[in-house]
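# Secondary and tertiary structure notes
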Amino acid sequence: MADMEVMLSLSGVTKIFNAGTVNEKVAMNNLSLDVNKGDFITVIGGNGAGKSTLMNAVTGVFGIDEGKITLDGIDLTHMSENRRAKYFGRVFQDPMMGTVPNMEIQENLALAFRRGKSHGLKWGITAAEKRLYREQIARLGLGLEDRMSAKVGLLSGGQRQAITLLMSTLVRPKMLLLDEHTAALDPKTAEKVLALTDEIVGEDSLTTLMVTHNMRNAIDYGNRLIMMWDGKIILDISGEEKKKLTVEALLGAFSKASGSEFSNDRTLLS
Amino acid sequence: MIATITAGVSQGFIWAMLALGVYISFRLLDFADLSCEGSITLGASIAAMLIWKGMNPFLASLFAFLGGCIAGSVTGILATKLKIPPILAGILTMISLYSINIHIMSFATGTAGTANLQLLKYSKKTIFGIIRRLTGLDKTYAALIVGAVAAIAVIFILYWFFGTELGCTIRATGSNEKMCRAQGINTDTTKIIGLAISNGMIALSGSMICQNQNFSDVNMGVGAIVIGLASIIIGETIFMRAKNFALKLFGIVIGSVIYRVVVAVVIYSGMPSTDLKLMTAIIVMVALSLPMIKTYLFSKKRKHSKKMNTPEVQKNG
């Protein structure tokens, strides 16, 4: 669809780890991708396919070797991670990663509320904010709204991941990046967090990239699916075609596109 | 005996700022900062030199604080911008400060290689001297009052600072750095600011110690981090249930006071003062290994008892 506005654009991005050594690994190989505004893309691929590298290159955890990355017309290629942060909401795989354990629930939300802003000598959290955070936390339906001043470190992984998700969208980001954010949760909690993800993304029609190991989820959620292999995008399916996808069809498409057997990655992908 | 205890209490307040400084780096930033051994002497040297040169002692203490801030920033820059491991970054600053402190004290006397300064001649011109003249109190009580007022003021300032937006980002950095970067916090900057404040406080403590004992010596900082840790551990054990940040800081001041009283009593009862550092180190070793010892004893007990009830353990995963 040519009339779609592009939110994120990667063109010819290459990232090589340990270049020139025996451990050289081409993690992204001349990769190009245009993400349209409002796209909810699920990203699948085996271990070492480059999914996390893609996320980290976009958010600036490390610089890229070649190519260009733009977001909503802003050139991100050489921007530092902390300056890019205001554009992205991020949720990591490790539920411990997205929140500060030694701080209160409301203090964590206050940090997220100031994402990408300068931090001065004003008081770190105001009374009006506390009310706002309480309302937001109540949405999770976990009963945490009565424990706003509890330390986050005392909560379960699922609770922390739900809070992280809320924090990542507390101030509307240009893009939401989810890096296997339910992989470390038990199936029931994972389902809850996924449902919440779908609700939050749908409400604001947030442009979203969601990396997952679960093929079923990749098919069920989002409007577009990309499959990565060996640092490249080997499959890009959207619209009606995506709705008709099955796990079997996806497995078949993988062997065809990559020209290799699936056996190694099967356990991880199914 | 009473006099010994009172003296211990007054020393405790004066050394409390060291403990609070170590708390900022060690606990809040999770950064084992050894530069504090140099910055406590730096504070003492700067204050001694400036008072020697005729400066107002309050102003001299402010300069001591600023000197400590610079030392802390250097450690921070070494560790963040130059990616030198934190322990080594601290050691490098500490070693550099050894030479710098001798230069500062030499500047006062005009003799190169001055390793200590006697301030007895200027004892009326220190903060304690001025307070004694104004109130007519004796040395110990003057130290007690100045120390207590300073400690309480510092608790208020730290409580305020670590509640601000900037202070929150420093606390968050020590707890989860990756998350901070994802929130757009420049963790290099927050670490540098945190270390600057920590070492500033420690230098301020050094300046007070020097003015109280009318003496500054290049070796006075040896073991400072262990003394700081001992105070923190004692304070945290007593105020274990404290949730409020100001109360935690207060606990550390109390920890410092208790540590000094114990030291005073032990020395009073005849232990050679040269064994003090060994004793302090053992206190810290035992305190830090207590959680491990507890787990060990606990698991032994469970093996021996027939009950298989799993205790309620707080899970994070």
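Shown above is the structure to which this text applies.
Residues numbered from 1 in each chain as written. Chains lettered and ligands numbered in written order. Predicted model: local features only at pLDDT ≥ 70, side-chain atom pairs only at ≥ 80, totals over all residues. Heavy atoms only, no water.

## A closer look at the environment of K277(B)
Residue and element names in this part refer to chain B. By the secondary structure assignment, K277 is in helix α12 (residues 276-304). Looking at K277, the relative accessible area reads 47%, which means it is partly exposed. Here the alpha-carbon distance between K277 and G223, two residues 54 residues apart in the chain, equals 7.0 Å. (Helix = DSSP H or I, 4+ residues; strand = E, 2+ residues; numbered from the N terminus. Buried < 20%, exposed > 50% of the residue type's maximum accessible area, 1.4 Å probe, protein only.)

## Brief notes about the nonpolar core
Of all hydrophobic cores here, the largest spans 83 residues; its most connected members are L18(B), L20(B), V22(B), L158(B), F162(B), M201(B) and M208(B). It is helix α1 (residues 2-28) of chain B that provides the largest number of residues to this core, a total of 12 residues. Split by domain, the residues of this core number at least three in each of domain 1 (2-270) and domain 2 (273-317) of chain B. Ranked by size, the runner-up nonpolar core spans 40 residues in total, among them V152(A), A162(A), V193(A) and L206(A). (Core = buried A, V, L, I, M, F, W, Y, C linked by side-chain atoms within 4.5 Å. Domains from an automatic or database assignment.)

## Re the sheet that holds strand β4 (residues 66-71) of chain A
Residues and elements named next belong to chain A. Reading across the sheet, the four strands line up as β2-β1-β4-β5 and stay open at both edges, with antiparallel pairing between neighbours. The open sheet is flanked by β2 (25-36) and β5 (74-75), the only strands paired with a single partner. Across two bridges, β4 lies against β5 in antiparallel orientation. For T70, the partnering residue across the bridge sits in β5 and is D75. (Pairing = 2+ DSSP bridges.)

## Considerations on the interface of chain A and chain B
If you look at the interface, chain A gives 33 residues, while chain B gives 25 residues. For the pairing of chain A and chain B, the buried interface totals around 2,600 Å² over both sides, and the portion due to carbon and sulfur atoms is 58%. Summed over the three residues of chain A that lose the most area to chain B, namely H119(A), L121(A) and W123(A), the buried surface amounts to 21% of that side. Viewed at the interface, chain B and chain A are joined by three salt bridges. Here E165(B) makes a salt bridge to R114(A), at a shortest N to O gap of 2.8 Å. (Contact = heavy atoms within 4.5 Å. Buried area = accessible area lost by both parts, 1.4 Å probe. Salt bridge = Lys/Arg side-chain N within 4 Å of Asp/Glu carboxyl O.)

## Observations concerning the packing of α1(B) against helix α6 (residues 139-161) of chain B
Residue and element names in this part refer to chain B. For the pair α1 and α6, interaxial distance at closest approach is 7 Å and the crossing angle is 25°. When the axis of α1 is compared with that of α6, the two are roughly parallel. Our pair here, α1 against α6, has a crossing hand that is left-handed. Residue-level inspection shows T6, A7, V9, S10, F13, I14, M17, L20 and I24 of α1 in contact with α6, the latter providing T140, Y141, A143, L144, G147, A148, A150, A151, V154 and L158. (Axes fitted to C-alpha atoms, helices over the stretch in contact; angles between N-to-C directions. Parallel < 35°, antiparallel > 145°, perpendicular 65-115°, else oblique. Left-handed = near helix turned anticlockwise from the far one by under 90°.)

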